[in-house]
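Coordinate inspection notes
If you want the building blocks of each chain, they are given just below.
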Amino acid sequence: MIKAILVFNNHGKPRLSKFYQYFPEDMQQQIIKETFQLVSKRDDNVCNFLEGGSLIGGSDYKLIYRHYATLYFVFCVDSSESELGILDLIQVFVETLDKCFENVCELDLIFHVDKVHYILNELVMGGMVLETNMTEILTRIEDQNKLEKQEAGIAAAPARAVSAVKNMNIPQQIKDIKLPDLPQAIKDLKF
Amino acid sequence: MALKKVKGNIERMFDKNLTDLVRGIRNNKENEAKYISQCMEDIKQELRQDNLSVKSNAIAKLTYLQMLGYDISWAGFNIIEVMSSSKFTLKRIGYLAASQSFHCDSELLMLTTNMIRKELNSQNQYESGLALTSLSCYISTDLARDLSNDILTLLSSTKPYIRKKAVLMMYKVFLKYPEALRPAFPKLKEKLEDPDPGVQSAAVNVVCELARKNPKNYLSLAPVFFKLMTTSTNNWMLIKIIKLFGALTPLEPRLGQKLIEPLTNLIHSTSAMSLLYECINTVIAVLITISSGMPNHAASIQLCVQKLRILIEDSDQNLKYLGLLAMSKILKTHPKSVQAHKDLILQCLEDKDESIRLRALDLLYGMVSKKNLMEIVKKLMVHMDKAEGTIYRDELLNKIILICSQNNYQFVTNFEWYVTVLVELAQMEFGSKQGHVIGAQLMDVCIRVQAIRPFAVSEMAQLLDVYSSTSQFTIMQEVLYAAAWLCGEFASELKEPEKTLRAMLKYKSLPQHIEAVFIHNIIKLFAHVMRGYEEEGQYGEILGLCDEICVKLGESLKSGELEVQERSSTSLIIVQIVKEEIEKVMGGTGEGENSVSGDLLALFTGELNPVAPKAQKKVPIPEGLDLDAWINEPPEDSDSSSDHEVFDNLFIKTEKSDYGNSVRYQPEPTEEEIRKSREARKYEQQNNPHYLKTSDVDKNANDSNIDNIPVAEIDLNIPLKVVGQKRSDKYLNMNASRKKTKKKNKKKKHKNESSSDEENANEGPVVEVKRDLELPEGATLSDSDSSHGHVDDPHRALNIDLELPPVYETPVKAVEAKEEEKKVKKSKKNKGEKEEKEKKKKHHDKGAKKAKKEKKEKEGKSKKKKPTSGYEEALGISTPSKEFQ
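Being a predicted model, the structure only gives us computed values, none of them experimental. (Residues numbered from 1 in each chain as written. Chains lettered and ligands numbered in written order. Predicted model: local features only at pLDDT ≥ 70, side-chain atom pairs only at ≥ 80, totals over all residues. Heavy atoms only, no water.)

Let's shift gears to the overall build of chain B. Across its full length, chain B holds 44 helices and zero strands. By residue count, 49% of the 885 residues in chain B fall in the buried class. Total accessible area on chain B stands at roughly 44,000 Å², and carbon and sulfur atoms take up 52% of it. (Helix = DSSP H or I, 4+ residues; strand = E, 2+ residues; numbered from the N terminus. Buried < 20%, exposed > 50% of the residue type's maximum accessible area, 1.4 Å probe, protein only. Areas by Shrake-Rupley, 256 points an atom, 1.4 Å probe, with all protein chains shown as cover.)

See the structure below:
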């Protein structure tokens, strides 16, 4: 069984947390923190297994993780899972994300954590591995996205327009517009 | 109305959506908490609106905030509202939020039953899939009971997507509602041969989880799995099956023999490392259980070790790690095969990866023999010099000590060497705790090994010399504790006691307990030195020493620590008395018969002997002490009135009316719960070393109300402990002289003695369990598990014998009653067997051999008992290795 799946960045900021066993919110945060501390101090060229942290699991549990660029993907599993199998599963997860977001990066995970959850739900269900075949996973995700699109239809058009405008981030753009540095320009003027 | 809707829609456009929230948080890094609390207000506002899309937007934001650690359980009702939307998009948001924030104790769940049922039966496979996924995260007992039939129906859905999810869901249902297992099992079994590979794999997954906890109920599925293993090419599933076989083989040795061949074929053929690794693991498990009667047994071990060597030599750190892990399993039963690869393991000690070094260290522990111990320790010492990072150094130190001291120094042939090693270790730098370890070890060696005392004491004297003559602390202070104590206790072994005494007198500020030991042992040493002078009549020297000591003790008298103060003042008085006596003798007024030093030495006579850890347990129960008798009369209520009232009395003392039925947090305990809590307590007691075990008789009186009153049990401790202490001392003193005569055989003898003694005293369950572990034999082990196993573990309830007629043929209750009966019978039988065993053990020392015989006999019996019809078929299945290429 998988007890938890955590994704956080190099600074320990959570990007995805999925607990298949109930922990109250503050405990979840502590677990994330502890896991980050355990994982982050390890070099990249050491093995990807860690004996479980003190908060989550205990002796039967292992942390299995992979580090991609700025993100750590950590699975906390018990002894019924194969270590190497889980490593492969993480790879499948990441590759699926990559397909769905087209060159996935941390920003995608930040802004679309809901979508990441939906993708994960096609791989793992209630702590058990549901599907490992990537094409199958992708079809299921596609199908559901289609379903959403159908529902949205025209009704969603105004909302989409608004969000497009929002995405333009006008205040920031106004800030970003570079006016010539007047005092400097004035100084530069030679009388 | 319409206008309102339009207005709502327009307003909604300018509500923050999830993206805005995330962006907002990122832009407000300085005052994130303030920003989020503002957003929370917005969200609460949005949740008050009627529009479901507005609500779903709010819920989506809440789900994000939940990840950041904000409690969103207050919005549970709104989440359910969103879940009930007819739109897939909104529903999805609701179900996601539910899976993140609900848990099986959420009270709101009872509102969801019908909604989820409707969803499960939806025409759209993604809608029911969504409900299944979400439900798997928070299913409660009620939901499981109410929905189990709906989920069971989904197992025969036409859509593999649904079947797959329903299969996995069933496992969660079983955990919460074990009664569902029996009726569902035939269908689940069918799914093992589902045409869709995904469903098949899910079914394998579920059965593996079930079988992992209660393997013996799933032995009958072995043929199906065997077939799957030889035909499937899905690595993921193969891994699961092979892991499952690893759990089954201890129960059925014949299965193991059958497995060896296909597994070795797989090992040869597969290119997937994960599969290879699991195969090796299972082969190891098989080889551990099969006795050496196998013809190519050695070959298989050889193959495993070879393959593991390849893994360990691989540049991939993960493979290296796993290889070492698997090696340590082989080590337990076939140490010789692993010892051949000592070079490789020593090499791993130099790996840059700490996890790998630690694994390698674990292996070393089992690889030492009398011959190579010194060599290995020498290498470890070299590593110690090189190793950076205190954690690894500390681990190295602990391992060195562990290696040497295992089985009471079984492998140490030269104790002078060992003491030297310890002294060397004492001069290295470690974390603060490690000094204590070395000190304790030094003391232990000296106490246990009489022959080494002169050598060890001279080493200690040297340490003290070094300590007093140099200013910096190169020696760990905790070691000084041991040094001071040893020099004082075995002062007669010292070559130059006076020099050592002077060295000790130079102690500088030390931790309290060490300083106290210094003071105490200075007096011991002084007594010894004094005797020498007294015999020669050099009274002047004695007075000189007295003065020196008085000066030093005068300093310590000012110490802020109580212990030091007390020690120094006592000692000071003693020295002053001695001084007066000596002066009297010098003045010729003394009696001259009793030497002063003799009086002083009398203070410290008597040998100190190591106390056996089990000494306390071996204390026989004094005659006339009835452990079952009440010390205080039990409260009348618990016997006469119902459980309900007991709880009232326990938890509600004053505001009965106010607190009574409505607001009570603690639900009324059912029979089942009471039983469970009782077992939980027992389990805890068994594992608690401070808890005195009651005798067998008591343990069997399961149904009595005794356990309901914890007060009485706690009270039992007190009189027993008082009696116990004295008795154990006596016992140890009796044994002490015997113990010391032969050091190396002591452990073994001692073990036998203790076990037989324990049996005499009819010891508590812990000991029995331990022995069971030493002789892992299917039925006995799991039976004892079922009687004292984990109570929190939901799998306990799933221990259902599925080979009994399925539920729709026999009424449930009858079956359960039968099971109960069976269990009782079995446990009785086991007990009988155990007692028999114990008797036999008592009579001869070579218990091991006979135990083996018994084991074999038992195996034979269990073979006969097993229903073989299903299994025989499997024997016919051949395993062409080429299929896996």
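That covers the picture; the talk isn't over yet.
Residues and elements named next belong to chain B. Where helix 24 (residues 415–426) contacts helix 25 (residues 434–448), the two axes come as close as 10 Å, and the packing angle between them is 160°. Relative to helix 25, the element helix 24 lies roughly antiparallel. The element helix 24 and its partner helix 25 pack so that their crossing is left-handed. Each of F415, Y418, V419, L422, L425 and A426 in helix 24 lies in contact with helix 25, whose residues at this interface are I438, Q441, L442 and V445. (Axes fitted to C-alpha atoms, helices over the stretch in contact; angles between N-to-C directions. Parallel < 35°, antiparallel > 145°, perpendicular 65-115°, else oblique. Left-handed = near helix turned anticlockwise from the far one by under 90°. Contact = heavy atoms within 4.5 Å.)

Given two aromatic rings, one states the distance between the centres and the angle between the planes to describe the pair. Taken as a whole and judged by the stated rule, the model has 16 aromatic pairs over all chains. Considering the side-chain rings of Y409 of chain B and Y418 of chain B, the 6.0 Å spacing of their centres and the 55° angle between planes classify their relative orientation as tilted. Given the relative accessible area of 0%, Y418 of chain B is considered buried. Where W417 of chain B meets Y418 of chain B, the ring centres are 6.2 Å apart and the plane angle is 35°; that geometry is what we call tilted. Grouped by ring-pair contacts, the aromatic residues F8, F36, Y65 and Y72 of chain A constitute a single cluster. (Phe/Tyr/Trp six-rings, centres within 6.5 Å; stacked < 30°, edge-to-face > 60°.)

Here we take up unusual backbone geometry. All names here are of chain A. Despite not being glycine, A69 shows a phi value in the positive range, around 45°. For A69, the location among the structural elements is in the loop between strand 4 (62–68) and strand 5 (71–77). Judged by its relative accessible area of 70%, A69 is exposed. Even without being a glycine, E102 presents a positive backbone phi close to 55°. By secondary structure assignment, the location of E102 is in the loop between helix 2 (83–101) and helix 3 (106–111). According to the relative accessible area criterion, E102 is exposed, its value standing at 65%.

Further remarks concern the pairing of strand 2 (residues 14–19) of chain A. All names here are of chain A. The buried count for strand 2 comes to six of six residues, which makes it a mostly enclosed element. Where strand 1 (residues 2–9) lies against strand 2, five bridges are found, and the strand directions are antiparallel. In the sheet register, V7 faces strand 2, and the bridge partner there is L16. Between the antiparallel neighbours strand 1 and strand 2 lie four residues, among them G12 with a positive phi of about 85°. (Pairing = 2+ DSSP bridges.)

For the structure on display, the rule yields 41 salt bridges over all chains. Between D142 of chain B and R145 of chain B there is a salt bridge; the shortest N-O distance is 3.1 Å. Note that D142 of chain B and R145 of chain B are positioned in helix 9 (residues 141–154) at a spacing of three residues, about one turn of the helix. Three or more residues joined by partner-sharing salt bridges are found here, namely E131, E136 and R140 of chain A together with K164 of chain B. (Salt bridge = Lys/Arg side-chain N within 4 Å of Asp/Glu carboxyl O.)

Take the side chain of R359 of chain B next. Mapping R359 of chain B onto the fold places it in helix 21 (residues 354–367). By relative accessible area, R359 of chain B is classed as buried at 15%. For R359 of chain B, the side chain forms a polar contact with the side chain of Y321 of chain B, separated by 3.5 Å. In this structure, R359 of chain B is in contact with E51 of chain A together with Y321, L324 and L325 of chain B, ignoring residues within four places of it in sequence. (Polar contact = N/O pair within 3.5 Å; in protein donor to acceptor, adjacent residues only side chain to side chain.)

Bringing helix 24 of chain B into the picture now. Residue and element names in this part refer to chain B. Taking 1.5 Å per residue, 12 residues should reach 16 Å; helix 24 reaches 16 Å between its end C-alpha atoms and fits that length. Among all positions in helix 24, only F415, W417, Y418, V419, V421, L422, V423, L425 and A426 are buried. Structurally, the start of helix 24 carries an N-cap: the backbone nitrogen of E416 is 3.0 Å from a side-chain oxygen of N414. (Expected span 1.5 Å × (residues − 1).)

Turning our attention to the interface of chain A and chain B. With 64 residues of chain A at the interface, the matching set in chain B holds 68 residues. Summing the contributions of chain A and of chain B, the shared interface buries around 6,000 Å²; its carbon and sulfur component is 56%. Seen at the junction of chain A and chain B, the total is seven salt bridges. Ionic pairing is found between K13 of chain A and E32 of chain B, a salt bridge with its closest N-O pair at 3.8 Å. For the interface between chain A and chain B, the tally reads 29 residue pairs in polar contact (both at pLDDT 80 or more). Among the residues making up the side of chain A that touches chain B, the classes are represented as 25 nonpolar, 18 polar and 21 charged. (Buried area = accessible area lost by both parts, 1.4 Å probe. Nonpolar A, V, L, I, M, F, W, Y, C, P; charged D, E, K, R; others polar.)

A word on helix 18 (residues 317–333) of chain B. Residues and elements named next belong to chain B. A rise of 1.5 Å per residue sets the reference length of helix 18, with its 17 residues, at 24 Å; its end C-alpha atoms lie 26 Å apart and thus fit the reference within 8%. Taken across its 17 residues, helix 18 has 13 buried, putting it largely inside the fold. N-cap assignment for helix 18: the residue whose side-chain oxygen lies 2.8 Å from the backbone N of N318 is D316.

Our focus in this paragraph is the packing of helix 12 (residues 197–213) of chain B against helix 14 (residues 235–248) of chain B. All names here are of chain B. Their axes nearest at 9 Å, the elements helix 12 and helix 14 cross at an angle of 20°. Comparing their axes, helix 14 and helix 12 come out roughly parallel. Judged by the twist between their axes, the crossing of helix 12 over helix 14 is left-handed. In this structure, helix 12 uses Q200, S201, V204, N205, C208, E209 and A211 to contact helix 14, whose residues at the interface are W236, M237, K240, I241 and L244. A breakdown of the residues in the contact of helix 12 with helix 14 according to their chemical character gives seven nonpolar, three polar and two charged.

Turning our attention to the sheet that holds strand 3 (residues 49–51) of chain A. Residue and element names in this part refer to chain A. Read across the sheet, five strands follow the order 2-1-5-4-3 without closing on themselves; strand pairing throughout is antiparallel. Whereas interior strands pair on both sides, the edge strands pair on one side only; in this sheet they are strand 2 and strand 3. When strand polarity is set aside, the average angle formed by the axes of neighbouring strands in this sheet is 20°. With seven bridges joining them, strand 1 and strand 5 adopt antiparallel strand pairing. Counted as the bridge partner of L6 is V74 from strand 5. On the sheet, helix 4 (residues 113–123) packs against strand 1 and strand 2 and is oriented at approximately 40° with respect to strand 2.

This part covers the environment of T249 of chain B. All names here are of chain B. The residue T249 is located in the loop between helix 14 and helix 15 (253–269) in this model. A residue is classified by how much of its surface remains accessible, and T249, at 0% relative accessible area, is buried. Along the sequence, T249 and I288 sit 39 residues apart, while their C-alpha atoms lie 9.5 Å from each other. The contacts of T249, once residues within four sequence positions are left out, are L255, G256, L259, A285, V286 and T289. At 3.3 Å, the side chain of T249 and the backbone oxygen of G246 are in polar contact.

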